Amino acid sequence: MKINQAELVISAVSQQQYPNEPLPEIALAGRSNVGKSSFINQLIQRKALARTSSKPGKTQTLNFYKLNEVFFFVDVPGYGYAKVSKTEREKWGKMMEEYFSNRQKLKMVVMIVDIRHDPSEDDRMMYDFLKHYRLPVTVIATKLDKIKRGQRAKQLKRIIEVLELEDEDTLIPFSAETGEGKDDAWRTIRSYIGK
Ligand code: GTP
Ligand code: MG
């Protein structure tokens with residue numbers, strides 16, 4: 001999909017602030033600093049619409065990006081960053097629960113994991129949380145540019161095993177650096193937003 005229009009509509013911390021427009025939403029989930037914002041930027045071909053950072057914890061709110069008046073990408077704060085206070089973590093949990101548990105417009109969640117490592121305990125909890133709410137999940141195994149070609153199949157298999165990925169869910173190897181996997185990601189997203 002060629003994106004001509006991309007706009008950050010709101011950075012929300014609670015339900016009352018979510019956009020009211022009748023457009024489908026695709027949310028991003030993943031560990032802090034794994035590459036969620038970079039994924040968005042690569043898909044829509046903007047260098048820095050979604051703010052990225054080499055320091056974890058850059059994204060702190062639910063950021064609703066409206067694309068072509070067709071759908072929203074919702075960039076969410078990452079999990080699993082050790083240097084976060086208990087109060088902050090509780091705030092995060094409440095914000096995530098509020099959004100993921102009863103958002104009719106949410107059609108699918110793109111969960112980003114690092115292809116170099118086995119998914120963490122936090123990744124497993126996130127995946128189970130999403131499946132608990134019966135949300136379709138597309139797992140993006142990112143930073144593909146950082147491993148050798150010969151390692152790919154083995155790492156993808158590990159991700160399926162550790163997350164216990166369900167058959168209806170898709171796994172796509174991806175790199176925000178090279179753009180590899182981008183067409184597959186778009187194809188999957190389009191199937192969920194009906195475009
Ligand atoms: P938070 O908002 O803090 O949760 O982080 P995030 O998940 O949005 O991560 P972000 O996109 O800010 O990326 C974190 C770091 O990883 C940045 O330095 C990116 O340049 C780098 N990065 C992201 N994706 C890739 C990739 O596919 N390949 C490589 N080599 N680096 C990547
Ligand atoms: Mg981010």
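Residues numbered from 1 in each chain as written. Chains lettered and ligands numbered in written order. Predicted model: local features only at pLDDT ≥ 70, side-chain atom pairs only at ≥ 80, totals over all residues.

**What to know about the overall build of the protein**
Thought 1: Within the protein, the regular secondary structure consists of five helices and seven strands.
Thought 2: Ordered by position from the N terminus, the helices and strands of the protein form the series β-β-α-β-β-α-β-α-β-α-β-α.
Thought 3: Relative to a compact globule of 195 residues, whose C-alpha radius of gyration would be 16 Å, the protein shows 16 Å and is just as compact.
Thought 4: Principal axes of the C-alpha set define a box for the protein whose edges measure 45 × 40 × 35 Å.
Thought 5: Taking all 195 residues of the protein together, 34% fall into the buried category.
Thought 6: Restricting to contacts in the protein with at least 6 residues of sequence separation, those with at least 24 account for 73%. (Helix = DSSP H or I, 4+ residues; strand = E, 2+ residues; numbered from the N terminus. Rg over C-alpha atoms; globule rule 2.2 N^0.38 Å. Buried ≥ 20, exposed ≤ 12 C-beta atoms within 10 Å, placed from the backbone. Contact = placed C-beta atoms within 7 Å.)

**Let's talk about the sheet that holds strand β2 (residues 25-30)**
Thought 1: Judged by pairing direction, the sheet is mixed, and its seven strands sit side by side in the order β1-β3-β4-β2-β5-β6-β7 without closing on themselves. Each end of this open sheet is capped by a strand with a single partner; those strands are β1 (6-12) and β7 (170-173). Taken pair by pair, the neighbouring strands of this sheet meet at an average axis angle of 25°, ignoring direction.
Thought 2: Pairing of β1 with strand β3 (residues 62-67), which is carried by six bridges, proceeds in the antiparallel orientation. Within the sheet, the bridge partner assigned to Leu8 lies in β3 and is Tyr65. (Pairing = 2+ DSSP bridges. Axes fitted to C-alpha atoms, helices over the stretch in contact; angles between N-to-C directions.)

**Description of the pairing of strand β6 (residues 137-142)**
Thought 1: Burial of β6 is extensive: six of the six residues sit out of reach of the surface.
Thought 2: Neither face of β6 is open: one carries Val137, Val139 and Ala141, the other Thr138, Ile140 and Thr142, and all of them are buried.
Thought 3: As defined by bridge partners, strand β5 (residues 106-114) adjoins β6 across six bridges and the pair is classed as parallel. Counterpart to Val113 in the pairing with β6 is Ala141.
Thought 4: What joins β5 to β6 is helix α3 (residues 121-132), and the crossover it makes is right-handed.
Thought 5: For β6 and β7, the ladder comprises four bridges, and the chain directions are parallel. Of the residues in β7, the one forming a bridge with Thr138 is Thr170.
Thought 6: Handedness of the crossover joining β6 and β7 through helix α4 (residues 152-163): right-handed. (Right-handed = clockwise from strand over helix to strand, strands pointing away.)

**A few points about unusual backbone geometry**
Thought 1: The phi angle at Arg134 is positive, at roughly 55°, despite the residue not being glycine.
Thought 2: You can see Arg134 is positioned in the loop between α3 and β6.
Thought 3: Backbone geometry at Glu164 places phi at a positive 55°, although glycine is not the residue there.
Thought 4: Inspection of the secondary structure puts Glu164 in the loop between α4 and β7.
Thought 5: Since 10 C-beta atoms lie within 10 Å of it, Glu164 is described here as exposed.

**Examining the nonpolar core**
Across soluble globular proteins, nonpolar side chains have a tendency to be buried as a group.
Thought 1: Residues Leu28, Met111, Ile140 and Ala141 are the most contacted members of the largest nonpolar core, which totals 40 residues.
Thought 2: Of all the elements, β5 adds the most residues to this core, at seven residues.
Thought 3: Residues contacting Ile140, with those up to four places away along its chain left out, are Phe39, Val110, Ile112, Ile172, Phe174 and Ala185. (Core = buried A, V, L, I, M, F, W, Y, C linked by C-beta atoms within 7 Å.)

**Description of the confidence of the model for the protein**
Thought 1: Taken over all residues, the pLDDT of the protein has a mean of 91, while the share at 70 or more is 93%.
Thought 2: Looking across the protein, the model is least confident in helix α2 (residues 86-101), with a mean pLDDT of 88, and most confident in β6, with 98.
Thought 3: Across the whole predicted complex the pTM is 0.93, and at the interface the ipTM reaches 0.98. (pLDDT = per-residue confidence, 0-100.)

**Regarding the environment of Lys154**
Thought 1: For Lys154, the position within the fold is in helix α4.
Thought 2: When the 9 C-beta atoms within 10 Å are taken as the criterion, Lys154 is described as exposed.

**Regarding α4**
Thought 1: Here α4 spans 17 Å end to end across twelve residues, near enough to the 16 Å set by a 1.5 Å rise per residue.
Thought 2: Once α4 ends, the next one or two residues include Glu164, with phi positive near 55°. (Expected span 1.5 Å × (residues − 1).)

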